[in-house]
Amino acid sequence: MTTPYVLPVNTLVLVTGANGFIASHTVDQLLKKGFKVRGTVRAPKPWLNAFFDEKYGEGRFETVTVKNIGDVQELENAMQGVGGVIHMATDLTFSSDPHAVIPWVTDAVRKVLEAASRTKTAQRVVLTSSSRAAYMSSRGSTKGVRVDGSSWNEASIEAAWDPMTPEDAKPFAVYSASKTECEKAAWAWMRDNQPHFEFNTVLPDFNTGRILHPEIAGSTMGYVRTLLKGDPSVFDRLPPRKIPFSLSLSSLLSLCGNSLICRSPAEWYVDVEDTARLHVIALLSHDVKSRRLFAFAASKNWTDYVQTLRKLRPNKDLIPEPPANERHDEADIVLAHQSETLLKDFFGRQGWTPLDESLAAGIEGLD
Ligand SMILES: NC(=O)c1ccc[n+]([C@@H]2O[C@H](COP(=O)([O-])OP(=O)(O)OC[C@H]3O[C@@H](n4cnc5c(N)ncnc54)[C@H](OP(=O)(O)O)[C@@H]3O)[C@@H](O)[C@H]2O)c1
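Position numbers for residues start from 1 in each chain and track the written sequence from start to end. Given that the model is predicted, a residue must reach a pLDDT of at least 70 before its local features are reported, and side-chain atom pairs must reach 80 or more before they are shown or counted; all residues, however, enter totals for whole chains, interfaces and linings. With hydrogens and water stripped out, all remaining heavy atoms of the structure feed into the side-chain values.

Per an unreviewed UniProt entry, the chain carries the name NAD-dependent epimerase/dehydratase domain-containing protein and comes from Penicillium egyptiacum. UniProt positions are given in the numbering used here, feature names are shortened, and annotations may be inferred rather than shown by experiment. Heading Sequence similarities (unreviewed entry) of the UniProt record for the chain holds this comment: "Belongs to the NAD(P)-dependent epimerase/dehydratase family. Dihydroflavonol-4-reductase subfamily."

Following this line, the structure appears as structure tokens:
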């Protein structure tokens, strides 16, 4: 008889960067299913231990300090006795220097895979990639664009290393390139080394939703929260308004769509708990092997966010006006439908968590 999951309940799973917005939810989902979790942190986070101890009882969650996520020996020590690894920590400095980000992030994923292969106990490794590794939501029309398992965001790599890329477009280009190169390096390592474990990746777009603890800044949901205080700067930051005009036409079209007047940002959202569930599926499902799971719920722009926030908090009159004439991204994210089916089959969900529910959870407690 096949067991429900690849790993038996109670197996120890390592999650890197466990105090992060998405990672803390992934830990939460694993603990809820009866797994034990060891989370890596860069410095002790007693509040995180206290939070999960209180919710699930002592002995279910522990932390280990890994100062250098690129050190194979530190990683191997952290992986002692684990049945699975979810690698989520990455460089989120949004530095404009590609040298400071891309090489180490790419090297670190190889070290994670190498350390997992040395353990012999890890049966699955999951990498948190990003929508940015496959695709850049566009400000122009994306009707007819198809994004699938073979899509890679080559334009971001070109833009990250191009000295002509404008300074304020650089951080986003460098981050996107780091995610693209990191995921590519991981698949290449798997192909070249043929380890004993299976490997999957998860590619989320913009995460919204509940922030589990006040010590967690909340990453992308933290940016959305700033709108309640009347701060419109996120409209320009994600994605940045300026585009690198030195790029080749194909790169330019990929960044900007076929409208050379780059207007409003277009993003896809995904609820953070759905992203966490997809990580659990990537770790535990017998059917999910060597797959890229796309976590794109629906195409939403800042106008949708503002309208939803105004409905949820009608008394907040500081919420800024969204950018004018925003488009919706119309690309066909082919594999997003498969991810939604996995959420239904594996977790009994109705489908993706709707944006209004996600934002309501994300601003809970903020009056
Ligand atoms: N949020 C989104 O919408 C989104 C979308 C697509 C992909 N992702 C990916 O999801 C993952 C988690 O992102 P998040 O949004 O949850 O961010 P987050 O809340 O800022 O968490 C980031 C985690 O990475 C750790 N970290 C940062 N720099 C590090 C370094 N140099 N070495 C080791 N650890 C480091 C942080 O540790 P400290 O607390 O010590 O800094 C933290 O634990 C990342 O891989 C990100 O690229 C996020």
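Further notes follow.
**Q** Would you take a moment to explain the nonpolar core for this structure?
**A** Here is a general trend for soluble globular proteins: nonpolar side chains tend to be buried in one another's company. We call a set of buried residues a nonpolar core when its members are Ala, Val, Leu, Ile, Met, Phe, Trp, Tyr or Cys and they connect through side-chain atoms within 4.5 Å of each other. Buried, partly exposed and exposed residues are distinguished by accessible area as a fraction of the type maximum, computed with a 1.4 Å probe on protein chains only: under 20%, between the cut-offs, and over 50%, respectively. One finds Leu 30, Ile 281 and Trp 302 to be the most contacted residues of the largest nonpolar core, which totals 62 residues. Broken down by element, the residue count for this core peaks at 7 residues, all from helix H10 (residues 272–284). In this structure, Val 66, Ala 115, Ala 159 and Phe 199 belong to the second largest nonpolar core, which totals 36 residues. Working definition: helices are DSSP H or I runs of at least four residues, strands are E runs of at least two. Numbering for both runs from the N terminus.

**Q** Looking at this model, I keep getting lost on the side chain of Glu 267. Mind explaining?
**A** One can find Glu 267 in strand E9 (residues 267–271). What makes Glu 267 buried here is its relative accessible area of 4%. Distance and chemistry together define a polar contact, namely a pair of N or O atoms within 3.5 Å, with one atom able to donate a hydrogen and the other to accept it when in protein, and with adjacent residues in sequence counting only for side-chain atoms on both sides. A distance of 2.8 Å separates polar atoms of two side chains, one belonging to Glu 267 and the other to Arg 132.

**Q** I would appreciate a short explanation of H10 in the present structure.
**A** Since one α-helical turn is 3.6 residues long, residues separated by three or four positions face the same way. The terminal C-alpha atoms of H10, which comprises 13 residues, lie 18 Å apart, in line with the 18 Å expected from a rise of 1.5 Å per residue. The buried count for H10 comes to 13 of 13 residues, which makes it a mostly enclosed element. By the N-cap criterion, in which a side-chain oxygen at the helix start approaches the backbone nitrogen of a residue two or three places on, H10 is capped by Asp 271, the distance to Glu 273 being 2.9 Å. A helix's residues, less one, multiplied by 1.5 Å, set its expected span.

**Q** How should the site of the ligand be read in this particular structure?
**A** By convention in these notes, a residue is near a molecule or strand provided one of its non-hydrogen atoms lies within 4 Å of it. Not every one of the 23 residues close to the ligand is listed here, only the nearest: Asn 19, Arg 42, Met 88, Tyr 175 and Ser 219. Take Lys 179: an N or O atom from its side chain is 2.8 Å from an oxygen atom of the ligand. At a separation of 2.5 Å, an oxygen atom of the ligand approaches a polar side-chain atom of Ser 219. Isolated, the ligand exposes 890 Å² of accessible area, and the fraction of that covered by the protein chains is 82%. In this analysis the probe radius is 1.4 Å and the grid spacing 1 Å, with only protein atoms considered; a cavity is a set of points the probe fits into but cannot get out of, a pocket is an open set with protein on both sides within 12 Å along at least five of seven lines, and lining residues have an atom within 4 Å of a point. Think of it this way: a molecule belongs to a cavity or pocket when more than half its atoms come within 2 Å of the grid points there. More than half of the atoms belonging to the ligand lie within 2 Å of the grid points that define the largest pocket. Listing elements by their share of the shell around the ligand, those giving two or more residues are helix H1 (21–32), helix H6 (170–193), strand E8 (206–208) and helix H7 (219–228). With residues, only the protein chains shown are counted as cover, and all accessible areas are computed by Shrake-Rupley using a 1.4 Å probe.

**Q** What am I meant to see in the packing of aromatic side chains here?
**A** How two aromatic rings sit relative to each other is set out by the distance from centre to centre and by the angle between their planes. For this analysis, a ring pair means two rings from Phe, Tyr or Trp (six-membered ring only for Trp) whose centres lie within 6.5 Å, classed as stacked if their planes differ by under 30 degrees, edge-to-face if by over 60, and tilted for the remaining angles. Taken as a whole and assessed by the stated rule, the structure comprises 15 aromatic pairs. Where Phe 346 meets Phe 347, the ring centres are 5.5 Å apart and the plane angle is 50 degrees; that geometry is what we call tilted. The burial state of Phe 346 is the same as that of Phe 347; both residues are buried. Only when the NZ atom of a Lys or the CZ atom of an Arg is both within 6 Å of the ring centre and within 35 degrees of the ring normal do we say a charge sits over the ring. The aromatic ring of Phe 347 is capped on one face by Lys 33, whose charged end is 4.6 Å from the ring centroid. Across from the ring centre of Phe 347, 5.9 Å away, lies the NZ or CZ of Arg 277, which sits over that ring.

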